[in-house]
Amino acid sequence: MKVIVTDEISEKGLELLQNDPRIQLDVRLELEKTELYQIIGDYDAIITRSGTQVDAKLLSHATRLKMVARAGVGIDNVDVLAASERGIIVVNAPFGNTNSAAEHSMAILLSLCRNVPDANASLKSGQWQRAPFTGCELKHKTMGIIGLGKVGGRVALRSRAFEMDVLVYDPYISEKRATDLGTSLVSLDELVSTADVISVHTPLNEETHDLITAEHFVNMKDGILIVNCARGGIINEAAMLDALEGGKAAGAAFDVWSEEPPDNATLKKLIAHPRMVVTPHLGANTFEAQTNVAVDVSREILNLLDDKPVENAVNIARFDSDLMAQMRPFMKLAAVLGDFISQLAPENPGKVTFNYTGKLATHDCMPITVAGLVALLNRCTDQEVNMVNANLVAERRGLVVEQSRSTESEFFSNLITLSLETPQGKRTIAGTLFEGTPKIVKMRDFDIDFTPEEHMLVLTYKDRPGSIGKIGTILGEAEVNIGAMSLGRRVKGGEAMVVFSVDSPVDEKTLAKLTEAVGASFVKVAYLS
Ligand code: NAD
Ligand code: MLT
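The structure presented is a predicted model; accordingly, all values stated were derived computationally and were not measured.

Peer 1: Sorry, what's going on with the sheet that holds strand β3 (residues 45-48) here?
Peer 2: Strand-to-strand pairing in sheets goes through backbone hydrogen bonds, with the strands running parallel or antiparallel. Read from one edge to the other, the open sheet built from five strands follows the order β2-β1-β3-β4-β5, with strand pairing classed as parallel. Each edge of the open sheet carries a strand with a single partner, namely β2 (24-27) and β5 (89-92). Strand-to-strand, the axes of this sheet are offset by a mean angle of 15 degrees, without reference to chain direction. As paired strands, strand β1 (residues 2-5) and β3 are joined by three bridges and run parallel to one another. If you follow Ile4 over to β3, its bridge partner there is Ile46. Seen against the sheet, helix α1 (residues 11-18) touches β1, β2 and β3 and runs at an angle of roughly 150 degrees to β2. In this fold helix α13 (residues 287-305) packs onto β1, β3, β4 (67-70) and β5, with an angle of close to 165 degrees to the strand it touches most, β4.

Written out as structure tokens, the structure is:
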């Protein structure tokens, strides 16, 4: 497996990969975009921080890529949808740098309050000045936290340790989380107009871009302090500059920028403002955090290599690993059913339903559904369908996917039934596990019983004496050996379905002979991968 590292990642954390003989690890920092386009096609995984834009264009060159591993929490530099469409897993390291970011938020806030950067520069330049660097305290001030997630929660606790009152605006958390952390949940308007310090800790997305604008600044207290250690652009930077220049804001401490490295005039002015404390996106730059996130993403790459479930994929549902271990045989069964029905059912399916009955139905069956869907779709598209993109591919093709569960099962302790609705009618296939091996027990409304093998032949015809003999003779003449056979019929002399597993493929000429010999209404071969 070839892995490319395009941003600075802790070497210690990468040791896991460096020590694995199956992995070729190439650290290629500071590549031009075009250079990366040229070489990305050689790699199975890419490890980045926020410095590499993993966008649709880059991914279009990434023909071999299976994983984008973001050594940090923010995935705003990764086009997750484009990756998902290509079946590429995106993982991040959502916990490893939380503490580091929370401590940095407090560090830059305290530096701002106590004029540490200016006082430091003054003393180092040989001056001894004290009065100009008189600061303000946090004690008994009101902290307004926007986004009470992992980092925001820690900033809240630390603010309380400084004896601040803490207000929170976060529409997605429970009131309990806010009260458990000793904070009060309020509206954005209330937070903006009451806080002495506002610190943002949301992800950057369409909803949070420009979350704080010039209008919000109007309603803030005079002398407001603003902290942004989350993402550039959550606080409108031009509005921030105006608030500093107009005297509304007493100061601000920013670690992150809408353009990194900052190059435009507004950002240059903002950074240069004397009441700004600034750092170049250092929130996660502690030795501890960098080791943590590098270890976390390295583990994910090893999970991928070892075909184990990844822990922190942002584009695949996360399932408990014990549950996954139990589900694996059923995922295989669903894949067999999906593979089989996709070859036998009429074209243009509009809906697929996965029905689970028996003990299995007590669990979350979504991984089984996705595994079945992967197999169902893989036959009908050139694109590789996998657990990452199966639902997206189904949606794009207009295929509705439904799932139902019932713990009651009449004959089998566990049964998976897959129904496909097509313009030519509904087709159903059902299977169970027999001593861990997939067994198909129903096709359409025929009760049958066979273990799917590589080459299968399915016929339906009117049940007449001698039909099976004729089929056997024709297959024998074509030198096709029958391994096993299962016959299903509704009534004597009615329509019958027979499924053969054969040792070699059956050609078109033989299929035509079979159709003629038994008056088959349906003849198809299926190949199980
Ligand atoms: P998180 O997902 O744990 O928390 C985000 C919180 O924001 C959640 O509670 C969510 O409900 C809330 N939220 C989402 N949309 C919101 C909205 N519109 N209004 C109010 N709240 C909203 O994320 P986290 O790990 O705490 O990270 C927070 C931010 O810090 C992210 O932007 C992350 O990229 C950034 N970060 C920066 C650094 C750094 O180096 N400066 C390091 C780590 C994290
Ligand atoms: C993050 O999103 O984790 C931070 O921005 C840290 C980083 O990657 O530098």
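Peer 1: Explain helix α15 (residues 366-378) to me, please; I cannot follow it from the model alone.
Peer 2: Because an α-helix packs 3.6 residues into every turn, residues spaced three or four apart end up facing the same way. The end-to-end C-alpha distance of α15 is 18 Å, a good match for the 18 Å that 13 residues give at a rise of 1.5 Å each. Taken across its 13 residues, α15 has eleven buried, putting it largely inside the fold. Taken together, the buried positions of α15 are Pro367, Ile368, Thr369, Val370, Ala371, Gly372, Leu373, Val374, Ala375, Leu376 and Leu377. Residues of α15 that are buried in the fold lie against α14 (321-344), β13 (351-358), α16 (390-396), β14 (400-406) and β15 (414-422).

Peer 1: What is the right way to look at the pairing of strand β20 (residues 482-489) in this model?
Peer 2: Regular strands show a simple pattern: their side chains alternate between the two faces of the sheet. Relative to strand β21 (residues 495-502), β20 runs antiparallel, the two being bridged by seven bridges. Considered in β21, the bridge of Ala484 is made with Ser501. Counted between consecutive antiparallel strands, the loop separating β20 from β21 contains five residues, among which Gly493 sits at a positive phi close to 75 degrees.

Peer 1: Can you help me understand a nonpolar patch on the surface in this one?
Peer 2: A cluster of nonpolar side chains, Ile482, Met485 and Leu487, forms an exposed patch at the surface whose accessible area comes to about 220 Å². Its location among the elements puts Ile482 in strand β20. Its relative accessible area of 30% is what places Ile482 among the partly exposed residues.

Peer 1: Please clarify how the site of ligand 1 should be interpreted in this entry.
Peer 2: Around ligand 1 sit 28 residues in total, of which Lys150, Val151, Asp170, Thr202 and Glu207 are the nearest. For ligand 1, an oxygen atom lies 2.6 Å from a polar atom in the side chain of Asp170. In the environment of ligand 1, an oxygen atom lies 3.4 Å from a nitrogen or oxygen atom belonging to the backbone of Gly283. Burial of ligand 1 by the protein chains amounts to 89% of its free accessible area of 860 Å².

Peer 1: Hey, could you run me through the environment of Val385 in this one?
Peer 2: Following the sequence through the fold, Val385 ends up in the loop between α15 and α16. In this structure, the C-alpha to C-alpha distance between Val385 and Arg86, residues 299 residues apart in sequence, is 8.2 Å. The residues touching Val385, leaving out its near neighbours within four places in the chain, are Val374, Leu377, Asn378, Ala390 and Val393.

Peer 1: Help me understand the pairing of β15 in this model?
Peer 2: Among the nine residues that make up β15, eight are buried, leaving the element largely enclosed by the rest of the structure. Both β13 and β15 contribute to a ladder of eight bridges, which runs antiparallel. Residue pairing for β15: Val352 is matched across the bridge by Leu420. Once β15 ends, the chain turns through two residues before running back antiparallel as strand β16 (residues 425-434).

Peer 1: Before we go on, may I ask you to explain empty space enclosed by the protein in this structure?
Peer 2: Rolled over the atoms, a probe sized like a water molecule indicates the empty space that remains. Tallying each qualifying case throughout the model produces two cavities of 30 Å³ or more. Taken as a whole, the largest cavity encloses approximately 110 Å³ of empty space. What lines the largest cavity is Ile341, Leu344, Ala345, Arg427, Thr428, Ile429, Met443, Arg444, Val458, Met497 and Phe522. Every element with two or more residues in the lining of the largest cavity is listed here: α14 and β16.

Peer 1: Is there a simple way to explain the sheet that holds strand β9 (residues 197-200) in this structure?
Peer 2: The seven strands are arranged β8-β7-β6-β9-β10-β11-β12 in an open sheet whose pairing can be described as parallel. Here the strands that pair on one side only, and so sit at the sheet edges, are β8 (184-185) and β12 (276-278). By the bridge criterion, four bridges tie strand β6 (residues 142-146) to β9 in an arrangement that is parallel. Bridge pairing in β9 places Ile145 opposite Ser199.

Peer 1: I keep staring at the pattern of salt bridges and nothing clicks. Help me out?
Peer 2: Close approach of charged atoms lets side chains of opposite charge pair. A full pass over the atoms with the stated rule returns 14 salt bridges. Taking the shortest distance from any N to any O, the salt bridge between Arg64 and Asp44 comes out at 2.7 Å. In this pair, Arg64 is assigned in the loop between α3 (56-61) and β4 and Asp44 in the loop between α2 (33-39) and β3, connecting sequence segments 20 residues apart. Arg64 gets classed as partly exposed once you look at its relative accessible area, which sits at 36%. Of the charged contacts, one joins Glu85 and Arg396 as a salt bridge, the two residues approaching to 1.9 Å between their closest N and O atoms. Of this pair, Glu85 sits in helix α4 (residues 80-85) while Arg396 sits in helix α16; the two residues are 311 residues apart in sequence, bridging distant segments of the chain. Under the relative-accessibility criterion, Glu85 is labelled partly exposed at 28%. Salt bridges sharing common partners tie together Asp20, Arg22 and Asp306.

Peer 1: Just to check I follow, could you spell out the domain arrangement of the chain for this structure?
Peer 2: Interface extent is often summarised as the accessible area lost during association of the parts. Here the chain is described as being made up of domain 1 (2-95 + 288-305), domain 2 (98-278), domain 3 (320-444) and domain 4 (453-529). Of note, the centres of domain 1 and domain 2, computed from C-alpha atoms alone, are 31 Å apart. On the domain 2 side, the residues contacting the eight residues of domain 1 number six residues. Each partner contributes to the roughly 490 Å² buried at the junction of domain 1 and domain 2, and carbon and sulfur atoms together form 46% of this total. Taken together, the links from domain 1 to domain 2 amount to one salt bridge. Of the charged contacts in the structure, one is a salt bridge between Arg231 and Asp76, with a shortest N-O distance of 3.0 Å. One can count three residue pairs in polar contact (both at pLDDT 80 or more) joining domain 1 with domain 2.

Peer 1: Would you explain helix α18 (residues 508-518) in this entry?
Peer 2: The set of residues buried in α18 consists of Thr510, Leu511, Leu514 and Val518. Along α18, the residues classed as buried sweep out an arc of 100 degrees about the axis, all on the same side. Facing away from the buried side of α18, by more than 90 degrees, are the exposed residues Glu508, Lys509 and Glu516. Residues of α18 that are buried in the fold lie against β19 (455-462), α17 (467-477) and β22 (522-527). Of the residues one or two after α18, Gly519 is the one with positive phi, at around 60 degrees.

Cut-off values and rules
Residues numbered from 1 in each chain as written. Chains lettered and ligands numbered in written order. Predicted model: local features only at pLDDT ≥ 70, side-chain atom pairs only at ≥ 80, totals over all residues. Heavy atoms only, no water. Pairing = 2+ DSSP bridges. Helix = DSSP H or I, 4+ residues; strand = E, 2+ residues; numbered from the N terminus. Axes fitted to C-alpha atoms, helices over the stretch in contact; angles between N-to-C directions. Contact = heavy atoms within 4.5 Å. Expected span 1.5 Å × (residues − 1). Buried < 20%, exposed > 50% of the residue type's maximum accessible area, 1.4 Å probe, protein only. Patch = residues over 30% accessible without salt bridge, like charges linked within 9 Å, V, L, I, M, F, W, Y side chains within 5 Å. Areas by Shrake-Rupley, 256 points an atom, 1.4 Å probe, with all protein chains shown as cover. Salt bridge = Lys/Arg side-chain N within 4 Å of Asp/Glu carboxyl O. Near = heavy atom within 4 Å. Polar contact = N/O pair within 3.5 Å; in protein donor to acceptor, adjacent residues only side chain to side chain. 1 Å grid on protein atoms, 1.4 Å probe; cavity = no way out; pocket = protein on both sides within 12 Å on 5 of 7 lines; lining within 4 Å. Points joined across faces, edges and corners; volume = space filled by probe spheres on them. Domains from an automatic or database assignment. Buried area = accessible area lost by both parts, 1.4 Å probe. Arc of directions from axis to C-beta.

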